[in-house]
Structures are given as C-alpha cells and as structure tokens.
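# Reading the structure
Chain by chain, the residues run as shown.
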2 protein chains.
Amino acid sequence: MKIIIDAMGGDNAPRSNVEGALSAVRELGVECVLVGQGDEILAALRELGCDAPPPGLEIVHASEVVTMEDNAATAFKEKKDSSLTVGLNLVKDGKGDAFVSAGSTGALLSAATLVTKRIRGIRRAAMAPQLPVPGGAILIDAGATAECTPEYLLQFAFMGSYYAEHIQGKPQPRVGLLNIGAEEGKGTALQKETHALLKKADEEGRIHFTGNVEAREAVLGAVDVIVADGYSGNIFLKTLEGTALFLAGEMKKMFKKNLLTKLSAVMVSSGIRDFKKLLDSREVGGTALLGISRPVIKAHGSSDGYAIRNAIAQAAKFASSGIIESVTENIEYMRLPVMKEEAEKI
Amino acid sequence: MKIIIDAMGGDNAPRSNVEGALSAVRELGVECVLVGQGDEILAALRELGCDAPPPGLEIVHASEVVTMEDNAATAFKEKKDSSLTVGLNLVKDGKGDAFVSAGSTGALLSAATLVTKRIRGIRRAAMAPQLPVPGGAILIDAGATAECTPEYLLQFAFMGSYYAEHIQGKPQPRVGLLNIGAEEGKGTALQKETHALLKKADEEGRIHFTGNVEAREAVLGAVDVIVADGYSGNIFLKTLEGTALFLAGEMKKMFKKNLLTKLSAVMVSSGIRDFKKLLDSREVGGTALLGISRPVIKAHGSSDGYAIRNAIAQAAKFASSGIIESVTENIEYMRLPVMKEEAEKI
C-alpha cells in the first residue's frame, strides 16, 4: 500500500505532512510518497531528526505550490508542476494507491475531478465527512456540489452506504434523506423526487433507506448516512461545528470564572478530555472525496502531524475497501433512464 | 393592548396557556382573551386558585380543538369553531391586537395566511425565531416556506431587519444571507440572485446587508438577521438545536460520573444555570410569523406557563412595534418588477 501525500498543502505545510507521513510509515506499515519542494521536505525531515528519508518514505519533487490565492477551478492546470497536480497524476498512473491533501478544498476537488476523473457514470463528486455525532454518521455531500438533481442524490446515497459499510464496518447502514420533516412529501421538489428514488432502491434491496431524517435527529445519531445536496449539507455541517465551538467556549468560560470553578474543572478533567476528543476532527483524519476513480482524502487545513497520520490511515483503508469497485459494479442502478429526446442527442 | 390566546394549543393545554395569560395580566399590564373550551379553561383557572377570571382576562368559548392529527392545511376551515379559527378571526376583526398559539405550526401558518391574510404585496409568510446565539440573531425563514424565490428572500430580509430594529432595538441590524462561503458568487442560483437584490437594497440605504454569512459564523453571532429559504433555514435551526441538546447531554454525563464529578457540578452550579438559560427557548417566548397582516406569535409546543407569558409579552411588543406599518410603507422596494408578459396575464 502506497499513499501519495501533498506535502505542500495545509496551514502547517510541509512540517505536519512530513511528520504525519513519518508516523504512518513507522506505525501503520504503509509506504508514503511526499510530493513537494524537495529542499523544504528534507529540512522538515531534519527538524524531525531524520537526515534522510527512512525506508518506505519517498520524496518526489514538485516545484510549484497551489495557494489559497490561486483560482481553485484552474490551479491544477496553471501550476502543472505543483504538488497537487504531480501527486494526483502519480495516483492516476497507478504509482500510488490513494492521495491525501490538506490544501485548498476547491482546488483539490477540481483537480481530482479533472486529473483523476470521476468513476464512469457518476455525475458529480461528493465530500463525505464522518461527523462527531453518536455512531459517527457520514454526511454526503458536505459542499462539493452545491446544486443537485435527484440523480446526484441517488448516487450519493449509494456511495455513502458503501462507505459506511466498507470503511466504517456497518452492515446495512441506515440511509436518511436530510429534510425538514420526517413524513414523506416534506421539503422542496428535490427532496420529494429523491425520496421516491431512494425508496425504490430500498425496495430493490440495494440500500437500506429509512426515510427522511430531520437535522435534529441526524445530529443525535438517527442514521448512518445523511444524504443532502451540497448546499444544505454544508449548512448542516457548519452549523454543527459552529454550535459545538460556541458551547465549548461557553463551557470554558464557566470553568474559568474563579478559583472554585477552576478546581471543579480539575475534578472533571477526564470528562473534559473525553468531551474535547469528541469534538476533535483530528481523530477521523479527513474527508473522503467520493465519486472519483481513485481514493482521495481531504485532510483539514489546520491538520497537525497526528491528523495527517490518521488521514493516511483512512486513505489506506479506503484504497483496500473496494468502494470504487462496488460503485463501478452497481452503476446501472445509480442512474436514471435518459429521456428519449436526450438520448437521441447523445 | 389586548392579546388573543389559543387556549387549546400545545402539549400542556389549556393549563399552561391559562397560567401564562394570568401572569401576563398580573405582571405585564396587558389584557388577555383565552379562546377555547370554556369549562376546561374555567377548571384550569380554578386549579390556579381563581374562581372567576380576574379583571383583564376574558374567555371566549370555541367548541372545537385542532389537533396534530388534523390536516394542517385545512384544519382552520374544517373546524370553524376551533380556538385557532375563532381566535384568528377576533384578531382579524380588530377585537384583539395580536394572536398567540402553542398549537400545530402548520395549522397556524395556513390559518394565519388564509384567515388573517398576508400583508398586501408580501408573497409568503416566514417564521422568524430568535436564536440562542451571542447577540440573539433572528433567522428568517425557519421553515414556513420550504421553496423560495429571490423575491421571497428579499422580502424576508426587509421584514427581518424591521423585526431586529423595532422589537430587539438594534439600530441598523446587520443582515446576512446564509451561504456556503463568504464570497459573492457562492451557493446555488437562488443565493446568487438574492445576493444581487440584497446588495442593491443596501446601496439604496434600505437595509444594512453585510453579504453572505456562513452557518458557522452565523452561530457565533456574526450578523443580526440570517436570511434563508425555509428548507435550509430549518436545517440550520434544527442542527443548532440538536447539537446543543447532544452536547448538553454529554456535559450532564460528565458531571454524573461519580461523587467527585457531582461535587464539581455543585461548584460550577451558577455557570450550569447560565448555560441552561442560554439554551432555554422559554426565555424568548415564541417565534414571530412575519408577513401576516396582524401580529401572530407561535409559542413552542412544549411551552409551560412561563414560556406562554413571555410569548404574550413578545406579542404585545410586536403589536406596538410598527413593523407591519413599516412593511406596508416600503412594499414597493420589496417587490421585483413583474415581467411584461406576466403583467399582461394579470
């Protein structure tokens, strides 16, 4: 198993990427390829006590760096010798099994779609983060495709279900459609049409669709896979993050009030640690980009070495999971019949 | 000031409605009319120590009750002698200044729209709850109108701004469009077109539009008015509620672990009280229904007497705020020019 890493992506690049790759090579038994500016990668290695890359760790030089200032949609072709483009080409050409980047989400999404390409028949890629909710449900899509059709959502449901089954080890994952009411017929035209498609897929035994799921219940762990268009999925995810951040801040204030409350914090310190761990995105590692023909993981921009290590572990799991094969084999059930007139145009 | 109350609406009806009305009459100096089954209201009054309604409290008998089993869209006309329909007609006929109900949201929304009617020129009604976030931002729409056009959202922005100004006392409230990125051009076609309309309204000095606001920043109090279509607004609200509920539960677990942690809870008890108060929907009272020609407040279904009292206070404030007058005076700036062909059809 060989994981290609965008050494130059993220707020703490290349240091945290190098650190994460080192840990992965040492602890997880995977090979890693760090793609980026060779001298900077070597300097980071030296800082971490390695004069040369240890066995299992390769460096591939790429002279350019994609930054947040670049146009996300075109960065990968304007900077052909960037760690992003070079790394994805390595994966595309079979010189690695998966790609991990903590760089710009938009640039990674465009590059993955256009360099590595989507799985044949998949209309749009989707971001599928695991959420810090009971049971660790995944959300698909969290913002890759803002505007969706029912067919996109049908495909997201299948891909999310395969992810929960093959990577999270959940047999028969419960798939819910994010909606503003549990009853059939709720929501906009998009949800109503999607509901019918998911119900049919459930009746045919292809996914386990449990119906609409309200945001409140989804947060409390009612389903394993939350299907949403990228716009509302992103609203859902960011509201969850913002609320957790806000309440964690309020809790901190509560404990910092005076000597007595500070003492109280010491007395529940193990609980506070669990609470922090619950909200710590580093534990999961990163977000899978589903629908791409090769495994791609987006690590958080602020990832440290530990988060990158976990993203590499996730990428390795993804690469050996068979999700992409499952999608390819079942693609005919994930597509709507093309209208006659449209078919004639093709 | 006379507030009409749906005595039969909500999980704790009529008791909590009667209790709330009693408190309002005694503490807030407003008159209240309890509409519903006379004998039940009198029984509740007796339970609360009143053999007869005190001065300022009237009872209007209505023999029917709208329940959660009724069809929300048609309940008000199928049950013409319900507390909902009778109460709204009283407000419509000028026999009261505002209406408060803790009953079914859907039934109230249909009834308010069709009995009391919308303000002339307003396309759709919206629910505008005050959120438990820093600064108490309001969200408009929280789910009354799932599918929206840019014009609806323009109207929501104006109405939300008037609410924040006149009821919450915020001069020049910051209006933000809920979106998946701060930059112009983010989101779906709906957000893009709405952004242009809100920007124009800002340039003309009619509202203070601060641009797109991401869900995460909205939760942290970045704006005073969060404009959203009912579908994504509801996702936002329910995610916020669900996350708060989940984390409050985790915190409770943390403190209940053993004797030491329980002692610790006692030491931060004032902080825990503040924390609970922060998340307590009873403090605000209810959610304003904006766009209706008369003030209508939806109280939470699980309201107790204290929550109903606060909803009545909010209704009184709404009735004397001049919001409906402001909307009426400025309606021409809140409408899009009708296309020529469409105009010919009218």
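Residue numbers run consecutively from 1 along every chain, following the written order of its sequence. Both sets of labels track the order of writing: A upward for chains, 1 upward for ligands. pLDDT decides what is reported in this predicted model: residues at 70 or higher carry local features, side-chain atom pairs at 80 or more are listed and counted, and totals for whole chains, interfaces and linings draw on all residues regardless. Each side-chain value is worked out from all heavy atoms of the structure, with water and hydrogens disregarded.

## A closer look at the side chain of Thr116(A)
The condition that has to hold: Comment: elements are numbered from the N terminus, with helices defined as DSSP H or I runs of at least four residues and strands as E runs of at least two. Residue contacts are counted whenever heavy atoms from the two residues lie within 4.5 Å of one another.
In this fold, Thr116(A) is placed in helix α5 (residues 105-116). Thr116(A) has contacts with Leu88(A), Lys92(A), Ala111(A), Ile292(A), Ser293(A) and Arg294(A), leaving out every residue within four places of it along the chain.

## Remarks on the pairing of strand β8 (residues 208-214) of chain A
Residues and elements named next belong to chain A. Our working definition: Throughout, exposure labels follow a simple rule: accessible area from a 1.4 Å probe, protein chains only, divided by the maximum for the residue type, with under 20% read as buried, over 50% as exposed, and the rest as partly exposed. Two strands are counted as paired when DSSP detects at least two bridges linking them. If the strands point away from the viewer and the path from the first strand over the helix to the second runs clockwise, then the crossover is right-handed.
Of all seven residues making up β8, five are buried, and the element is well covered by its neighbours. Bridging between strand β7 (residues 174-179) and β8 involves six bridges; their strand directions are parallel. Residue pairing for β8: Val-175 is matched across the bridge by Phe-209. Traced from β7 through helix α7 (residues 189-203) to β8, the parallel crossover comes out right-handed.

## What to know about the relation of the copies chain A and chain B
Quick note on the threshold: Here the copies were fitted onto each other by least squares, based on C-alpha atoms from residues at pLDDT of at least 70 in both.
Mapping chain A onto chain B calls for a screw motion: a turn of 180° about the axis and a shift of 0.0 Å along it, with 0.0 Å RMSD after fitting. As the rotation angle and translation indicate, the two copies are arranged about a two-fold axis. Scanning chain A for the C-alpha nearest the rotation axis identifies Ser264(A), at a separation of 2.3 Å. Interface overlap between copies: 100% of the residues of chain A at the interface are likewise at the interface in chain B, consistent with a symmetric, same-surface contact.

## Let's talk about the interface of chain A and chain B
For clarity, the threshold we go by: Note: buried area is the sum, over both parts, of the accessible area (probe 1.4 Å) each one loses when the two are combined. Counted as salt bridges are all cases of a side-chain nitrogen of Lys or Arg within 4 Å of a carboxyl oxygen of Asp or Glu. N or O atoms within 3.5 Å of each other form a polar contact, as long as, within protein, one can give a hydrogen and the other can take it, and as long as residues adjacent in sequence are counted only when both atoms are side-chain atoms. For this classification, the nonpolar set comprises Ala, Val, Leu, Ile, Met, Phe, Trp, Tyr, Cys and Pro, the charged set comprises Asp, Glu, Lys and Arg, and every other residue, Gly included, is treated as polar.
In this assembly, 52 residues from chain A lie in contact with 52 residues from chain B. Of the roughly 4,500 Å² buried between chain A and chain B on both sides combined, carbon and sulfur atoms contribute 75%. The interface formed by chain A and chain B includes four salt bridges. For Lys238(B), the salt bridge goes to Glu214(A), with nearest N and O atoms at 3.0 Å. Inspection of the region where chain A meets chain B yields ten residue pairs in polar contact (both at pLDDT 80 or more). Those elements that provide at least two residues to the side of chain A that touches chain B are β7, α7, α8 (215-219), α9 (230-255), α10 (259-267) and α11 (269-278) of chain A. For the side of chain A that touches chain B, the element with the most residues is α9(A), which contributes 20 residues. Along the lines of polarity and charge, the residues of the side of chain A that touches chain B split into 29 nonpolar, 14 polar and nine charged.

## Some details on the sheet that holds strand β1 (residues 2-6) of chain B
Residue and element names in this part refer to chain B. For clarity, the threshold we go by: Working convention: axes come from line fits to C-alpha atoms, limited for helices to the stretch in contact. Angles between N-to-C directions cover 0 to 180 degrees.
With respect to topology, seven strands assemble into an open sheet ordered β3-β2-β1-β4-β11-β10-β5, the strand pairing being mixed. Of all strands in the sheet, those with a lone pairing partner are β3 (57-61) and β5 (126-128), marking the two edges. In this sheet, neighbouring strand axes are inclined to one another by 25° on average, regardless of whether the strands run parallel or antiparallel. Across five bridges, strand β2 (residues 31-36) lies against β3 in parallel orientation.

## A word on the side chain of Thr287(A)
Residue and element names in this part refer to chain A. Examined against the element boundaries, Thr-287 turns out to sit in strand β10 (residues 286-290). Residue classification places Thr-287 among the buried positions, given a relative accessible area of 14%. The contacts of Thr-287, once residues within four sequence positions are left out, are Met-127, Ala-128, Pro-129, Val-296, Ile-297, Lys-298 and Gln-314.

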